[in-house]
Amino acid sequence: MIQDLRLALRSLAKSPGFTTVAVLMLALGVGASTACFSFLNAFFLRPPPFERPDELVSLHSTEDKTPGLMRLSVPNFTDYRANNTVFTDLALHLFLGVRFTEGENNSILFGHLVSGSYFDLLGVKPVLGRPLSVADDVEGAPPVVVVSHAFWQTRLAASPEALGRTLLFNNVPFTVVGVAPAGFRGISVIDAPDYWMPTSVYRSVLLGQGLEFFISRRAVTVSVIGRLKPGVTLGQAAASLKPLSEKLAIDFPADNAGRSLRLVPIAQAMLDPNRRSDLLRAGNLLIALAGLILLIACANLANLLLARAGARQREIALRVALGASRGQVVGQLLRENFLLAALGGGLGVVISVWLRDLLWALRPPGFPDNMEVNVDGRVLAFAVSATILTGLLFGVVPALAASRVDLIAILKRVPSGDNGLSIFSFRHVLVAAQVALSVVALVIAGLFVRSLNQASAVTLGWNSRNLALMSADLVQSGYNQTRTLEYYQRALARLRTVPGVLDVSIASRPFLTGVNPQRTIKPQGEDEALRTRGRFMSFAVVQPDFLRFMGLELVAGRDFSVDDNGTHPPAVIINEAMARLAWPGQDPIGKTIKLYNDETPVQVVGVTRNIRDVELRADPAPFAFFPVAQFFEAANVFHIRTAGNPTDLLPTLRKELQSLDPAVNLRSIDYREVIRNALWGSRTGATLMSVFGVIALFLTLLGIYAVMAQAVVQRTREIGICLALGAQTRAVVGLILKRGVIVTGVGVLGGLAAACGLTRYVGSFLFEVKPTDPLTFAVIAGLLSGVALLACYIPARRATKVDPLIALRSE
Amino acid sequence: MISLRSVEKIYPLKGGVFYALRNISLEINEGEFVSIMGPSGSGKSTLLHILGLHDSSWHGEFNLLGQPVHQLDKKKRFDLQKKHLGFVFQSYHLLDDLTVYENLEIPLSYRDVPKKERESAVCDVLDRFGIVGKKDLYPNQLSGGQQQLVGVARALIAKPSLILADEPTGNLHSDQGREIMKLFKKLNEEGTTIIQVTHSEENATYGSRVVRLADGMLISK
Ligand SMILES: Nc1ncnc2c1ncn2[C@@H]1O[C@H](COP(=O)(O)OP(=O)(O)O)[C@@H](O)[C@H]1O
Ligand SMILES: [Mg+2]
């Protein structure tokens, strides 16, 4: 066995060029697919790092009127926890940001507010100290905190003495009682909490609306997990909980009408369930494309091996004459091919680590820096299977073909006839298949590039030019409503005096940042069971001049004015989408809406055009603007229009606001950055797909070139005769090109047909481009045909350089 | 040992069929050293490939070592060939990528001979042919005569009872050719049956009998 491998290795070493190319192609294919798989593994396949994870489920609210899975409210959580019979326990967590004071410095740190049994329920043991306990989670208990491993290392010097130290969160001293295990990030794979606090401290760390929502039965703010009692299935639990949720809807109709409960296995809740399927599809697309590359690499290798088999016919015939059975010959060739696969696979794993880091650098904004995408046993198993599979794919047919030799002809040194031709035509099929596969890869890449162009050139419907954003954490700094409004006025006045500032306004939320606060909006009408009743809708609370400031176009009614304040009846401006949803076919001006828990009718005074507000995609959702003087909200994102580059002005703006109150934390951003982030998906998609497409194209051209070049060598004699008989150069080129044209043509047509059927699976990733976009298909077909013909033409040109005399003597 | 009865070999050609061998009937006994002679294109190689079981598309009866070859399936023929036949080629046909030692070992490894036995068999043969010093060289480091020596040694290593050689000295100087013929004679005296194709009357004198072909027909046995 070892000797067999040594012989195989020697045979490969004999043709270093072939071996290098083959190993590199395989490494590229295996590497790309393994890198993609390591992400799929990290996000979807790694078992949750908790005790008996099969028993853990995530609980979600669903609502008739609002799509998607939502979190739960704390009062509902408390009722479910007290009254269910299927869970050993339920625990909640709430992601929050709290001001952290360290000496002179203030910063906002993110962590989790969790119920007392959270750690015990998950079965997670701190590496130092103790977990939070139920005793910590009672009113009046001294505030304690468990910090993350990263926090412990960076801020507490990884010292064992950290236990017992006090940390100042929102000016309240918390005692450190434990350090969580490294890498523990709670339920979500992409959260990166720095600390865990018991919910008993909520009044100290939640402020303003956050606090209001935390005690509301309506607001869905907390993530809830439960551990099923032994032997209870998910279905049984869901059935047993149904009467509970029905009772909650009857007991609290204003809050819970139309709500029910949905259970999700914990493994599927480690990513926001509403985003999970998108990410999963993106992951699968990556794997599919990487697989496509691997397939093309296999086809290429099979082709190279077939060419090599042609050159090795004498050796193989001789081995057969010396008594080798077909099995022994095939065995020897397979050993060589699998050795190649193993070398390629090994190098592929190395490349995959490198590619993984490259891919990770392209992660969406908001993913943590310290997530681990490891090469674990499962990733290695994938790489090994991919390697074996490729070994089979590219190795078996050539080995079988090569072992079928015409003994006498070869031993008598007669030039081979039929045998060579049949191998040759199979090689043509392989090349056509490669062309087809790369057409698919390139069409997908083309669609993503088109999609990026569309998204970049989109008309926003509002003016994003020279815009800077500054936000101030007034709530965390203990500002009440009066002080906040006062701060706004002073800040507006101050910012307007800065040279280079054209205008300033305020809104509770910026557009397109991915942050999307919603509230219950109930349009009023004859039909009280209106289909929009109680639906969560997006909204913004704004300065009266905000719409004009942003250049938003009104299609009906009026804009806000300074008179829309406490002394006038409340007003709202809605977008066309909300008008159409609430009062189809009617004039919305003068109609009223009501907000949750408030019977005051709010009059619609204006309608704006639908714009790209929450996200870049068209398909606009209902959106409402409220004036800040009537609906106070910690509306504190300053929108600043500058004369020049906003980035240059940010430090000055920051200094000005800082001088108003140095204790207030400020964050600032150039709007171009926001747009860049909003385009992340399109841009990353286009980049990745283009990289895959170019690799596919490159491999395919290599394949075409190799086959055509070999055809020229095989037909040297024929070409020599033609030239000797006085054939024109053009005729010889044509003779060779003809095959190339046919093969490429068949491949391109096949590829286009396949792409037609397949691109609809990427449709949901595309931005306002149809998956069958004719322009993309045409350009790719043209591009591929052009380059492929070039790859045929070079060897064909060389054919005309054949010296007839040498060619005729060469047999 | 060998008995051919009305063996014919036909090549279908455009204008009709071409008889490469026509009505060949021939007996060869164990221990003979037969030389097949005849002009170029008379069918000598064709006959040898039939005898060597390389070719299976012919008509007639062929008994080899008591087995009716014309009735055997592919696998049985292959087993028969593996067990009893050895070949020497005009152009040596050594494997360029393997050393002398490895070239000699190959037929044994295809016959699943255990490693220990392979070693002793190869060493035996190296000794007998006086090429121990060349065992680690590659074919292209040997002269033509030495290469053919290795070729003969390789044909012999699996202890065949019949050696078939197609113009074994065709590419050699007459001195080297004589060496090979002496070797054949010695092997024949030790009991191996030998059938060779040759153009040289001198080579034929080493044998015990000459069979002449012309235009695919036997003109003397
Ligand atoms: N594959 C083939 N197709 C047609 N004719 C063939 C083929 N192989 C050999 N022949 C013909 O058969 C005849 C005998 O060939 P061969 O046995 O090689 O002759 P030689 O006696 O020189 O060894 C020759 O005339 C040759 O042209
Ligand atoms: Mg001949």
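Residues numbered from 1 in each chain as written. Chains lettered and ligands numbered in written order. Predicted model: local features only at pLDDT ≥ 70, side-chain atom pairs only at ≥ 80, totals over all residues. Heavy atoms only, no water.

Remarks on the interface of chain B and chain A
Many descriptions give the size of an interface as the accessible area lost when the pieces come together. The interface of chain B with chain A comprises 28 residues on the first partner and 22 residues on the second. For the chain B and chain A pair, buried surface summed over both sides reaches about 2200 Å², with 54% attributable to carbon and sulfur atoms. Linking chain B with chain A are two salt bridges, by the criterion used here. With its nearest N and O atoms 3.9 Å apart, the salt bridge here joins glutamate 102 of chain B to arginine 6 of chain A. (Contact = heavy atoms within 4.5 Å. Buried area = accessible area lost by both parts, 1.4 Å probe. Salt bridge = Lys/Arg side-chain N within 4 Å of Asp/Glu carboxyl O.)

Focus on helix H3 (residues 74-83) of chain A
Taken as a whole, H3 of chain A has its buried residues at Val74, Pro75, Asn76, Phe77 and Tyr80 of chain A. Looking at the packing, one finds that the buried side of H3 of chain A touches strand E2 (87-102), helix H7 (208-215), strand E9 (223-228), helix H8 (234-251), helix H9 (253-256) and strand E10 (259-265) of chain A. (Buried < 20%, exposed > 50% of the residue type's maximum accessible area, 1.4 Å probe, protein only. Helix = DSSP H or I, 4+ residues; strand = E, 2+ residues; numbered from the N terminus.)

Let's talk about the pairing of strand E19 (residues 623-627) of chain A
Residues and elements named next belong to chain A. Burial within E19 is extensive, with five of its five residues counted as buried. Here E19 shows a buried face lined by Phe623, Phe625 and Pro627 and a second buried face lined by Ala624 and Phe626. The sheet contact formed by strand E14 (residues 535-542) and E19 spans five bridges and is parallel. Residue pairing in the sheet places serine 538 in a bridge with phenylalanine 623 of E19. Relative to E19, strand E16 (residues 571-575) runs antiparallel, the two sharing two bridges. In the strand pairing of E19, isoleucine 573 is matched with phenylalanine 625. (Pairing = 2+ DSSP bridges.)

So, the pattern of salt bridges
Under the criterion given, the structure shown has 40 salt bridges over all chains. Look at the salt bridges and you will find they share partners, linking Glu51, Arg52, Glu55, Lys125 and Arg227 of chain A into a network.

So, a nonpolar patch on the surface
Residues and elements named next belong to chain A. Together, Leu295, Val384, Ile388, Leu389, Leu392 and Leu393 make up an exposed nonpolar region whose accessible area comes to about 520 Å². As for its position among the elements, valine 384 is in helix H14 (residues 377-403). The partly exposed category is assigned to valine 384, whose relative accessible area is 47%. (Patch = residues over 30% accessible without salt bridge, like charges linked within 9 Å, V, L, I, M, F, W, Y side chains within 5 Å. Areas by Shrake-Rupley, 256 points an atom, 1.4 Å probe, with all protein chains shown as cover.)

Section: the sheet that holds strand E4 (residues 59-64) of chain B
Strand order in this open sheet of four strands is E2-E1-E4-E5 (chain B), and the pairing throughout is antiparallel. If you trace the sheet from one side to the other, it starts and ends with strand E2 (16-28) and strand E5 (67-68) of chain B, each paired once.

Description of the domain arrangement of chain A
Along its sequence, chain A is organised into domain 1 (1-43 + 277-414), domain 2 (53-269), domain 3 (435-452 + 680-811) and domain 4 (467-678). Between the C-alpha centres of domain 2 of chain A and domain 3 of chain A there is a distance of 57 Å. (Domains from an automatic or database assignment.)

Comments concerning the environment of valine 7 of chain B
Residue and element names in this part refer to chain B. As for its placement among the helices and strands, valine 7 is situated in strand E1 (residues 2-13). C-alpha separation for the pair valine 7 and tyrosine 138, spaced 131 residues apart in sequence, amounts to 41 Å. Contacts of valine 7, omitting those with residues within four sequence positions, involve Leu21, Arg22, Asn23, Ile24, Ile50, Trp58, His59, Gly60 and Glu61.

Focus on the site of ligand 1
Taken together, eleven residues sit near ligand 1, with Gly41, Gly43, Lys44, Ser45 and Thr46 of chain B positioned nearest. Ligand 1 sits at a junction of chains, with neighbouring residues supplied by chains A and B. Between ligand 1 and the protein, one listed contact pairs an oxygen atom with a backbone N or O atom of serine 42 of chain B at 3.3 Å. Separating an oxygen atom of ligand 1 from a side-chain N or O atom of threonine 46 of chain B is a distance of 2.5 Å. Relative to its unbound accessible area of 560 Å², ligand 1 is 65% covered by the protein chains. (Near = heavy atom within 4 Å. Polar contact = N/O pair within 3.5 Å; in protein donor to acceptor, adjacent residues only side chain to side chain.)

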